[in-house]
Amino acid sequence: MRTAVFSRQTKETDIRLTLCIDGSGKTELATGVGFFDHMLDALCRFAQIDLALKCAGDLAVDAHHTVEDVGICLGKAIREALGNRCGIRRVGSAYMPMDEALAFAAIDVSGRPYLAWSAEFTAPMCGTMDTQLAEEFFRAVTVNAGLTVHMNLVAGRNDHHKMEALFKAFGLALRDAVRVDANIQGVLSTKGALD
């Protein structure tokens, strides 16, 4: 089982999490931002990752530090759980429809962090989460996990649907990318390393 336990404490957030890449999508989430918990749950269910996460953040300011710092911790935990990345498929991509919304995500567990983001929202908020924080979250995960990620919102009108489609598409793509393939010997790289 590929697992990680991670904690991080700053003046802005105190985060503790346990992650299992080879899970079934079970979550125990408490970030203090209800909509964000909903999005994390969707991501984990579609990625089939188990995640227990508790964050005490400076929500009296806003949700920015909480969402970004959770992304940092989740990215570091994914990186740790994947270890040397031997035998993984490395690349995954997925389209995710959510009613009128359609999102696409492509992930390369490359060791070279890069986020290409193309998504716009109409409303400034979904629940108590700023819609612009979605990009900050995925950038934090991408950089700290060492992923190359492309995310594109293809269609949509309802911001809740658009956001949820993006999180689920990422989950599906991640699930495919980290899957172990018995036919892959070592790491899937012409360099012989993914870092």
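Keep in mind it's a predicted model, so treat the numbers as computed, not measured.

A pair of packed helices is characterised by two quantities: the angle between their axes and the separation of those axes. The contact between helix 3 (residues 133-145) and helix 4 (residues 159-177) brings their axes to 11 Å, and the two run at 10°. What the angle tells us is that helix 3 and helix 4 run roughly parallel. Residue-level inspection shows Ala 134, Phe 137, Phe 138 and Val 141 of helix 3 in contact with helix 4, the latter providing Met 163, Leu 166, Phe 167 and Phe 170. Taken together, the residues of the contact of helix 3 with helix 4 break down into eight nonpolar, no polar and no charged.

Looking now at the packing of helix 2 (residues 64-82) against helix 3. Across the interface, helix 2 lies against helix 3 with an axial gap of 7 Å and an inter-helix angle of 25°. As the angle between them shows, helix 2 and helix 3 are arranged roughly parallel. Both helix 2 and helix 3 take part in a crossing whose hand is right-handed. For the pair helix 2 and helix 3, the contacting residues are His 64, Val 67, Glu 68, Val 70, Gly 71, Ile 72, Leu 74, Gly 75, Lys 76, Ile 78 and Arg 79 in the first and Leu 133, Glu 136, Phe 137, Ala 140, Val 141, Val 143, Asn 144 and Ala 145 in the second. Grouping the constituent residues of the contact of helix 2 with helix 3 by class yields 11 nonpolar, four polar and four charged.

Glancing now at the pattern of salt bridges. Under the definition given, this model contains 11 salt bridges. When the shortest N-O distance is used, the salt bridge between Asp 69 and Arg 8 registers 3.2 Å. Of this pair, Asp 69 sits in helix 2 while Arg 8 sits in strand 1 (residues 3-9), placing them 61 residues apart in sequence. On the accessibility criterion, Asp 69 (5% relative accessible area) is buried. A relative accessible area of 25% places Arg 8 in the partly exposed class.

Moving on, we get to helix 2. Spanning 19 residues, helix 2 covers 27 Å between terminal C-alpha atoms, matching the ideal 27 Å at 1.5 Å per step. With 14 of 19 residues buried, helix 2 lies mostly within the body of the structure. Immediately downstream of helix 2, the backbone of Gly 83 shows phi near 60°, a positive value.

On to unusual backbone geometry. Even without being a glycine, Arg 85 presents a positive backbone phi close to 65°. Here Arg 85 is to be found in the loop between helix 2 and strand 5 (91-98). Even without a glycine there, the phi angle at Asp 99 is positive, about 55°. With relative accessibility at 64%, the residue Asp 99 sits in the exposed group.

The rules behind these values
Residues numbered from 1 in each chain as written. Predicted model: local features only at pLDDT ≥ 70, side-chain atom pairs only at ≥ 80, totals over all residues. Heavy atoms only, no water. Axes fitted to C-alpha atoms, helices over the stretch in contact; angles between N-to-C directions. Helix = DSSP H or I, 4+ residues; strand = E, 2+ residues; numbered from the N terminus. Parallel < 35°, antiparallel > 145°, perpendicular 65-115°, else oblique. Contact = heavy atoms within 4.5 Å. Nonpolar A, V, L, I, M, F, W, Y, C, P; charged D, E, K, R; others polar. Left-handed = near helix turned anticlockwise from the far one by under 90°. Salt bridge = Lys/Arg side-chain N within 4 Å of Asp/Glu carboxyl O. Buried < 20%, exposed > 50% of the residue type's maximum accessible area, 1.4 Å probe, protein only. Expected span 1.5 Å × (residues − 1).

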